[in-house]
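Commentary on secondary and tertiary structure
The primary structure of each chain is shown beneath.
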Amino acid sequence: MNNTAASPMSTATSSSGRSTGKSTSFASELQSMMFSLGDARRPLHETAVLVEDVVHTQLINLLQQAAEVSQLRGARVISAEDLLFLMRKDKKKLRRLLKYMFFRDYKSKIVKGIDEDDLLEDKLSSSNNANKRQKIAQDFLNSIDQTGELLAMFEDDEIDEVKQERMERAERQTRIMDSAQYAEFCESRQLSFSKKASKFRDWLDCSSMEIKPNVVAMEILAYLAYETVAQLVDLALLVRQDMLTKAGDPFSHAISATFIQYHSSAEGSCMKPYPDSPENTPPPTPTAPSSGPQHSGKTTLGSLGNGNAGQDSAKTKQRKRKKSTAACGVEAHSDAIQPCHIREAIRRYGHKIGPLSPFTSAYRRSGMAFLAC
């Protein structure tokens, strides 16, 4: 694909990435999504903002690629065919998308009140207009498939290991929940970008595009946005697990230098504004009372041996530590995913290995590999 061709998207969107969409934020929704995908019950806001920025950047780049494909086809809108064409090389994610499109048709029929027997017949015949998403995908893949591998995915009932692992993780996560936590978890699992279609369009700044995506394309983009969030959480949880020091593990010291850099910079940014925090301040030297020099040694020993004075100083240090941690906005001992975990996950995912790695992806224009396709 020619990278020097004029982009069918507006220059404001392609250059800045977020123009009017910058005022629209999914940070609060992303916190709930991350909780349902395996993060802590109260995910960090800065992590959600970083995830939002990554997802937005990836979707804008994907939209730009799809607009160019649509322009080559001579179409006036970005359709499902353009997105399917970009995903054709990743069979697993394409199979996952086809299954999603089938269930979208299935849900539409249920809403319209079609009987269960009719649903099974429509699945076998695929001739009903209600199967529009599945029919669009099948007709397009039939036109570009020369080996039969793409069409075989419609009949493939292989278990998705990634989805299975997410379900098992969710099951383990809910074992320790009470009724209120479980209700919040169930509500979080129902969140998606497709349920807020107008906000999602504003977030992507679709109004400024010369070639705009149609309804089915927006459904696919919303699905890919959620899958990108899910994959970021999956990778971040693996990174966090790798960073835990394991007793007796000879490779526990061999962690990423990039992670050390981000982790130390994050800790440094928390400690710099507060030089009087307990970690940066040496312990005070005990002073003798003014009652007399002959009793200074006994008094000092007595004051050091007194439990009340030690408890008071310990409580003071704890209060200072809590204040500095709260002011930094970072939970030091929290189980929530940290921004450094997200950055390290992206670095590992996009790391190029091998002499032919620059030629493995034709859509690595921004320097970041696509997470959704």
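Relevant structure appears above.
Quick look at the structure, then. (Residues numbered from 1 in each chain as written. Predicted model: local features only at pLDDT ≥ 70, side-chain atom pairs only at ≥ 80, totals over all residues. Heavy atoms only, no water.)

Quick word on the overall build of the chain
Let me state the cut-off plainly: The helix and strand labels rest on DSSP assignments: H or I over at least four residues marks a helix, E over at least two residues marks a strand, and numbering proceeds from the N terminus. Two residues form a contact once any of their heavy atoms are found within 4.5 Å. Methods summary: accessible areas were calculated by the Shrake-Rupley approach with a probe of 1.4 Å, and residue burial reflects only the protein chains presented.
Counting its secondary structure elements, the chain contains 16 helices and 0 strands. Put simply, 73% of the contacts in the chain that link residues at least 6 apart link residues at least 24 apart. Surface accessibility of the chain: about 21,800 Å² in total, with carbon and sulfur atoms responsible for 54%.

Observations regarding the environment of H56
Relative to the helices and strands, H56 resides in helix 3 (residues 45–73). Residues H56 and L204 lie 148 residues apart in sequence; the distance between their C-alpha atoms is 7.2 Å.

A short note on the pattern of salt bridges
For clarity, the threshold we go by: Here, a salt bridge means any Lys or Arg side-chain nitrogen found within 4 Å of an Asp or Glu carboxyl oxygen. Think of it in three bands: residues with accessible area under 20% of the maximum for their type are buried, residues over 50% are exposed, and the middle band is partly exposed, with areas taken using a 1.4 Å probe on protein chains only.
In this structure the tally under the stated criterion is 20 salt bridges. In this structure, the salt-bridge partner of R169 is D234, at a minimum N-O distance of 2.5 Å. Here R169 is found in helix 9 (residues 161–174), whereas its partner D234 is found in helix 12 (residues 215–243), with 65 residues between them in sequence. Grouping residues by exposure puts R169 and D234 together as buried. Among the salt bridges present, the one from R348 reaches E344, with a minimum N-O distance of 2.8 Å.

Regarding helix 7 (residues 132–144)
Here is the rule: For a helix, the expected span equals 1.5 Å multiplied by the residue count minus one. It is the directions from the helix axis to the C-beta atoms whose arc is reported.
Compared with the 18 Å implied by 1.5 Å per residue over 13 residues, the 19 Å span of helix 7 between its first and last C-alpha is a close match. Looking only at helix 7, the buried set comprises R133, Q134, A137, F140 and L141. Taken around the axis of helix 7, the buried residues stretch over an arc of 140°, which confines them to a single face. On its buried face, helix 7 is in contact with helix 4 (80–86), helix 5 (91–112), helix 8 (149–152) and helix 12.

With respect to the nonpolar core
Threshold: Take the buried Ala, Val, Leu, Ile, Met, Phe, Trp, Tyr and Cys residues and link them wherever side-chain atoms come within 4.5 Å; each set so joined is a nonpolar core.
Among the nonpolar cores identified, the biggest contains 61 residues, and L59, L98, F193, F200, L204 and L221 are the most heavily contacted of them. Elements supplying a minimum of two residues to this core: helix 2 (27–36), helix 3, helix 4, helix 5, helix 7, helix 11 (197–204), helix 12 and helix 16 (339–349). By residue number, the principal contributor to this core is helix 12, which donates 16 residues. In this structure, F200 is in contact with F26, L59, F193, M218, L221, A222 and A225, ignoring residues within four places of it in sequence.

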